[in-house]
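Here's the letter readout for the chains.
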Amino acid sequence: MKVALGGTFEPLHEGHKKLIDVAIKLGGKDITIGITSDRMARARIRSVLPFSIRAENVRRYVIRKYGFEPEIVKITNPYGKTLEVDFEYLVVSPETYEMALKINQKREELGKRKITIVKVDWIMAEDGKPISSTRIKRGRLTDTAESFRFRCFPAGRARQAC
């Protein structure tokens with residue numbers, strides 16, 4: 001089954017990994033991971049690693065955990081490859097669910113069948129709020145290399161628990 005998911009994936013965190021894991025459970029090796037282009041990512045987030053590094057981080061995660069090289073494509077528009085390819089599943093987070101609905105609406109307008117949307121719940125940090133790249137980049141979350149557990153740090157109080 002063809003499965004798609006997409007995002008900026010920077011920094012690659014446990015929430016992203018959960019999306020990838022669900023996609024692989026659904027489609028095995030038949031997954032397409034779309035990663036936003038630098039231009040598209042920087043329109044939303046000021047500072048972001050280059051596409052090549054973000055793609056390599058995702059590729060290494062999949063190879064290390066599942067032992068195969070995933071198909072990774074560059075996303076240059078909000079629809080990615082979803083209007084061109086007939087995917088069975090589109091794996092999304094609560095944050096990207098509305099875009100998935102727009103994708104299916106556009107597919108219907110084009111006379112294509114809808115893609116089954118699989119919404120994956122957020123992974124919560126120790127403070128009960130979703131883990132997100134924005135929170136990590138703002139220094140409000142950090143992960144420990146050994147456990148990948150997340151802790152909350154109030155803005156301006158580095159290394160002091162909430």
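Preceding this paragraph is the structure being described.
Residues numbered from 1 in each chain as written. Predicted model: local features only at pLDDT ≥ 70, side-chain atom pairs only at ≥ 80, totals over all residues. Heavy atoms only, no water.

Visitor: How should I be thinking about the side chain of Asp21 in this particular structure?
Guide: Assignment of secondary structure puts Asp21 in helix 1 (residues 14-27). In this structure the side chain of Asp21 is engaged in a polar contact, spanning 3.1 Å, whose partner is the side chain of Lys65. In this structure the side chain of Asp21 is engaged in a polar contact, spanning 2.7 Å, whose partner is the side chain of Tyr66. What Asp21 contacts, discounting residues up to four positions off in sequence, is Tyr61, Lys65 and Tyr66. (Helix = DSSP H or I, 4+ residues; strand = E, 2+ residues; numbered from the N terminus. Polar contact = N/O pair within 3.5 Å; in protein donor to acceptor, adjacent residues only side chain to side chain. Contact = heavy atoms within 4.5 Å.)

Visitor: What's the story with the sheet that holds strand 3 (residues 71-75) in this structure? I'm lost.
Guide: The pairing of strands in a sheet comes from backbone hydrogen bonds and takes either a parallel or an antiparallel form. Spatially, the five strands line up as an open sheet ordered 3-2-1-4-5, and their pairing is parallel. Edge positions in the sheet fall to strand 3 and strand 5 (116-119), since each of these pairs with one other strand and no more. Adjacent strand axes in the sheet meet at a mean angle of 25° when their direction is disregarded. Bridge analysis of strand 4 (residues 89-92) against strand 5 gives four bridges, and the strand direction is parallel. In the strand pairing of strand 5, Val91 is matched with Val118. On the sheet, helix 3 (residues 51-66) packs against strand 2 (31-36) and strand 3 and is oriented at approximately 150° with respect to strand 2. Packed on one face of the sheet, helix 4 (residues 97-109) meets strand 4 and strand 5 and runs near 180° to strand 5. (Pairing = 2+ DSSP bridges. Axes fitted to C-alpha atoms, helices over the stretch in contact; angles between N-to-C directions.)

Visitor: When you look at the packing of aromatic side chains in this model, what are you seeing that I'm missing?
Guide: For any pair of aromatic rings, the description rests on two quantities: the centre-to-centre distance and the angle between the ring planes. Counted according to the given criterion, the structure contains zero aromatic pairs. Over the ring of Tyr97 we find Lys119; its NZ or CZ atom is 4.5 Å from the centre of that ring. (Phe/Tyr/Trp six-rings, centres within 6.5 Å; stacked < 30°, edge-to-face > 60°. Lys NZ or Arg CZ within 6 Å of the ring centre and 35° of its normal.)

Visitor: When you look at the environment of Ala23 in this model, what are you seeing that I'm missing?
Guide: Positionally, Ala23 belongs in helix 1. With ten residues separating them in the primary sequence, Ala23 and Ile33 have C-alpha atoms 9.1 Å apart. Apart from residues lying up to four places away in sequence, Ala23 is in contact with Val3, Leu5, Gly28, Ile31 and Val91.

Visitor: Would you take a moment to explain the packing of helix 1 against helix 3 for this structure?
Guide: To characterise two packed helices, one gives the angle between the axes of the helices and the distance between these axes. Contact pair helix 1 / helix 3: the axes reach a minimum separation of 11 Å and the direction vectors enclose 55°. The angle between helix 1 and helix 3 places the two elements in the oblique class. Read as a crossing pair, helix 1 and helix 3 show a hand that is right-handed. Taking contact as the criterion, the partners of Lys17, Ile20, Asp21 and Ile24 in helix 1 are, on helix 3, Val58, Tyr61, Val62, Lys65 and Tyr66. Residue composition of the contact of helix 1 with helix 3, by class: six nonpolar, no polar and three charged. (Parallel < 35°, antiparallel > 145°, perpendicular 65-115°, else oblique. Left-handed = near helix turned anticlockwise from the far one by under 90°. Nonpolar A, V, L, I, M, F, W, Y, C, P; charged D, E, K, R; others polar.)

Visitor: Teacher, can you tell me more about helix 3 here?
Guide: Since the α-helix packs 3.6 residues into each turn, any two residues three or four apart lie on the same face. Between its first and last C-alpha atoms helix 3 spans 22 Å; for 16 residues at 1.5 Å apiece the expected length is 22 Å, and the two agree. Of all the positions in helix 3, only Phe51, Arg54, Ala55, Val58, Tyr61 and Val62 are classed as buried. Burial along helix 3 is one-sided: seen end-on, the buried residues are contained in an arc of 120°. In the core, the buried residues of helix 3 are packed alongside helix 1, strand 2, helix 2 (38-44) and strand 3. Directly beyond the C-terminal end of helix 3, a positive phi value near 80° is found at Gly67. (Expected span 1.5 Å × (residues − 1). Buried < 20%, exposed > 50% of the residue type's maximum accessible area, 1.4 Å probe, protein only. Arc of directions from axis to C-beta.)

Visitor: Looking at this model, I keep getting lost on the pattern of salt bridges. Mind explaining?
Guide: Two side chains that carry opposite charge are able to pair once their charged atoms sit near each other. All chains considered together, the criterion is met by nine salt bridges. Among the ionic pairs, Arg59 bridges to Glu56, the shortest N-O distance being 2.7 Å. Separated by three residues within a single helix, Arg59 and Glu56 lie in helix 3, roughly one turn from each other. In this structure, the salt-bridge partner of Glu69 is Arg59, at a minimum N-O distance of 3.3 Å. Separated by ten residues along the polypeptide, Glu69 in the loop between helix 3 and strand 3 and Arg59 in helix 3 bring together distant segments of the chain. It is possible to trace a salt-bridge network through shared partners that takes in Glu56, Arg59, Arg60 and Glu69. (Salt bridge = Lys/Arg side-chain N within 4 Å of Asp/Glu carboxyl O.)

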